[in-house]
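Observations on the model geometry
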Amino acid sequence: MLVYNTLTKKKEEFTPINSPNVSMYVCGPTIYDYFHIGNGRTFVMSDIIRRYLEYKNYKVTFVMNLTDVDDKIIKKANEENLSTAELTERYEAAFKKDIARFKMKPADVYPKATEHMKEIEEVIEKLEQNGFAYNVDGNVFYNIGKFKGYGKLSGKNIDDLEAGARIEINNEKQNPLDFSVWKKSKEGEPSWKSQWGQGRPGWHIECSAMSMKHLGETIDIHAGGNDLIFPHHENEIAQSEAATGKEFVRYWMHFGFLNIDKQKMSKSLGNFFTARDILDQYPAEALRLLFVQSHYRSPINFSRELIESAQKGTEKLDNLGRVLNDGIKKVGGIKVEFDFNKFYSLFSAAMDDDFNTSQAAAVIFDFVREVNKTIAENEDINSDFFRKAKEFFQSTAETVLGIIHFTDLEVKESSNDSEWILEQIELRSKAKAEKNWQLADEIRNSLAEKGVILEDSKLGTTYKKK
Ligand code: AMP
Ligand code: ZN
């Protein structure tokens, strides 16, 4: 299996340190708000990588940290008149709910910085002892000039960076590029006791300390969005390797951005859709298929057309899923020849080539076409064929990619659709109350497409079927 390593800029053969165990660390969200579908892309693609490794019989320990001390958190907690703990508790719960709606497998551990102050302090202490960090009156900085490999991940060079950083004036730092590993406490900010006095950790040191605690000094895979290559991951390498003297990460994996109008989707630009808003309007499978249909390292330009076309794709999968469920119940019938092995091999070949999910999805749609063709051309096929087809679908499209879920198909089949329509009406009323007219109209139109007509009156909304 080949994996592209950001560090070497090459696809490399994947050989975990302690096979069949694989340790994987993903930089998770800052829990101060609902996450957007750009973050969602990073989370879902890391979920798919983990699931494929499990498909290959690796035993994966998957750790995703939650950043719960940070300037953005402090600012938002002050604005909302909450303590930072109250704020992060609220958004941690929302995060877990949303990733469950995304049908992600939960991580083995979701470590939080506030629960790892001892480990963080220990790493900083080692850095000081090894001469890589210095304390200036309760502020501790990392001395990047001491670390020979600085820049090896991002390809940046210290001289160029220094030229760019001169403008920043900070008399405390020996070099303008040195970064904080411990920040002296300020009025109104949460702080912890340490050997350097009251303060809080810098962001980068949190990930170094938590990955070491939960996965050991050298880990197999460390992943995150492209934006984290520099400075976050570059600094993590500098800290971890200076503290332990060992290689920190074997394979660095980075996900391309989800963009809107060719601009990165981000909270600060305000051009974002929260995952929960989109998941109110489209099934998780459609959004997952949208992600899967691009290479994980390429950018995606998000649009309504794109998600609607992905939704049409998942409808094709669902339709075949239902046919397979029915076919399995058949008694008697004739045996047909079908080369299932060919599809298993094509699927693995695509995924083994640096998780080429778009190719893997193409294999699945070819499979759908061929199965449908076989069903159309043969009159009375026995249940064995349907069972094998379902097995293929379940182990690839469901268990690895998560773009169809058989249990949901059964629920959809057995439950009365009026319940779903009432849910949609409720969502639309909520959208109207929030003056989100666009969403309200979209819900009305999508119901109309399904033959459900809404009628508003003073008493509320009712519906009738065409
Ligand atoms: P944050 O909450 O901003 O720290 O981001 C959480 C994770 O989402 C990190 O791994 C980021 O690199 C990633 N991320 C942020 N914005 C995007 C985006 N527009 N597209 C893809 N990944 C993103
Ligand atoms: Zn991190």
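Residues numbered from 1 in each chain as written. Chains lettered and ligands numbered in written order. Predicted model: local features only at pLDDT ≥ 70, side-chain atom pairs only at ≥ 80, totals over all residues. Heavy atoms only, no water.

Concerning unusual backbone geometry
The cut-off we apply is this: The way it works is that DSSP assigns letters per residue, a run of H or I at least four long becomes a helix, a run of E at least two long becomes a strand, and they are numbered from the N terminus. Accessibility here uses a 1.4 Å probe with only protein chains present; expressed as a share of the type maximum, an area under 20% marks a residue as buried, one over 50% as exposed, and anything in between as partly exposed.
Cis geometry is adopted by the peptide bond preceding proline 20, which originates at serine 19 and carries an omega value of 5°. Inspection of the secondary structure assignment puts proline 20 in the loop between β2 (10-13) and β3 (21-26). Cis geometry is adopted by the peptide bond preceding proline 231, which originates at phenylalanine 230 and carries an omega value of 0°. Positionally, proline 231 belongs in helix α7 (residues 229-244). In this structure, lysine 9 takes a positive phi of about 60° despite not being glycine. Along the chain, lysine 9 falls in the loop between β1 (2-5) and β2. The exposure class assigned to lysine 9 is partly exposed, which follows from its relative accessible area of 46%. Unlike most non-glycine residues, lysine 435 shows phi in positive territory, near 60°. Note that lysine 435 resides in the loop between α15 (417-433) and α16 (437-449).

Focus: the domain arrangement of the protein
Selection criterion: These domain boundaries are the output of an automatic or database domain assignment.
Splitting the protein by domain gives domain 1 (2-264), domain 2 (306-408) and domain 3 (415-465). Computed from C-alpha atoms alone, the centre-to-centre distance between domain 2 and domain 3 is 33 Å.

Things to note about the sheet that holds strand β10 (residues 249-255)
To be explicit about the condition: In short, DSSP must find at least two bridges between two strands for them to pair. Fitting a line to C-alpha atoms yields each axis, with helices limited to the stretch in contact; the angle taken between N-to-C directions then spans 0 to 180 degrees.
The strand order across the open sheet built from four strands is β4-β3-β9-β10, with neighbouring strands paired in parallel fashion. The sheet is open, and its two borders are formed by β4 (59-64) and β10, each paired with just one other strand. Within the sheet, the average angular offset between the axes of one strand and its neighbour, ignoring direction, is 20°.

Remarks on helix α11 (residues 340-352)
Inclusion rule: Between the first and last residue of a helix there are one fewer steps than residues, each counted as 1.5 Å, and that sum is the expected span. Directions from the helix axis toward the C-beta atoms define the arc. Only heavy atoms matter for contacts: two residues are in contact if any of them lie within 4.5 Å across the pair.
Along its 13 residues, α11 runs 18 Å from first to last C-alpha, staying within 8% of the 18 Å computed at 1.5 Å per residue. Listed as buried for α11 are Phe340, Phe343, Phe347, Ser348, Ala350 and Met351. For α11, the angular spread of the buried residues around the axis is 160°, confining them to a single face. Those residues of α11 hidden inside the fold are in contact with α1 (37-55), α12 (357-377) and α13 (383-401).

Comments concerning the site of ligand 1
Here is the rule we go by: In these notes, residues near a molecule or strand are those with any non-hydrogen atom within 4 Å of it. Pairing of N or O atoms within 3.5 Å defines a polar contact, subject to two protein rules: one partner must be a possible hydrogen donor and the other a possible acceptor, and residues neighboring in sequence count only if both atoms are side-chain atoms. Working definition of accessibility: Shrake-Rupley area with a 1.4 Å probe, residue cover restricted to the visible protein chains. Following the grouping adopted for this structure description, the nonpolar residues are Ala, Val, Leu, Ile, Met, Phe, Trp, Tyr, Cys and Pro, the charged ones are Asp, Glu, Lys and Arg, and the polar ones are all others, Gly among them.
Around ligand 1 sit 18 residues, and of these Gly38, Thr42, Asp227, Leu258 and Met265 come closest. The separation between an oxygen atom of ligand 1 and a polar main-chain atom of cysteine 27 is 3.2 Å. Separating a nitrogen atom of ligand 1 from a backbone N or O atom of methionine 265 is a distance of 2.9 Å. Relative to its unbound accessible surface of 490 Å², ligand 1 loses 92% to contact with the protein. When residues of the shell around ligand 1 are traced back to their parent elements, those giving at least two are α1 and β9 (219-225). A class-by-class count of the residues in the shell around ligand 1 yields seven nonpolar, nine polar and two charged.

A short note on the environment of threonine 114
The topology assignment puts threonine 114 in the loop between α3 (84-101) and α4 (117-129). On a C-alpha basis, the gap between threonine 114 and asparagine 171 in space is 29 Å, while along the polypeptide they are 57 residues apart. Threonine 114 has contacts with Asp68, Val69 and Trp192, leaving out every residue within four places of it along the chain. Within the local environment of threonine 114, its side chain forms a polar contact with the side chain of aspartate 68, the two groups lying 2.5 Å apart.

Notes on the packing of helix α2 (residues 71-79) against α3
So the rule is basically this: Each angle gets one of four labels, with under 35 degrees taken as roughly parallel, over 145 as roughly antiparallel, 65 to 115 as roughly perpendicular, and the rest as oblique.
With their axes 9 Å apart at the nearest point, α2 and α3 run at an angle of 105° to one another. On the basis of their axis angle, the class for α2 and α3 is roughly perpendicular. Taking contact as the criterion, the partners of Ile73, Ile74, Lys76 and Ala77 in α2 are, on α3, Thr84, Leu87, Thr88 and Tyr91.

With respect to the side chain of asparagine 5
Position of asparagine 5 relative to the elements: it lies in strand β1. A distance of 2.9 Å separates a polar side-chain atom of asparagine 5 from the backbone oxygen of arginine 250. Once residues within four sequence positions are removed from consideration, asparagine 5 is found in contact with Lys10, Glu12, Arg250, Tyr251 and Trp252.

Some thoughts on the packing of aromatic side chains
Here is the rule: Between rings of Phe, Tyr and Trp, where Trp is taken as its six-membered ring, a pair exists when centres lie within 6.5 Å; planes separated by under 30 degrees are stacked, by over 60 edge-to-face, and by other angles tilted. Placement of a charge over a ring requires the Lys NZ or Arg CZ to be within 6 Å of the ring centre, with the centre-to-atom vector within 35 degrees of the ring normal.
For the coordinates displayed, the defined rule picks out 34 aromatic pairs. A network of ring pairs unites the aromatic residues Phe338, Phe340, Phe343, Tyr344, Phe367, Phe385, Phe386, Phe392, Phe393 and Phe406 as a single cluster. When the ring centre of phenylalanine 132 is taken as reference, the NZ or CZ atom of lysine 146 above it lies at 5.6 Å. Over the aromatic face of tyrosine 4 sits the side chain of arginine 297, whose NZ or CZ is 4.0 Å from the ring centroid.

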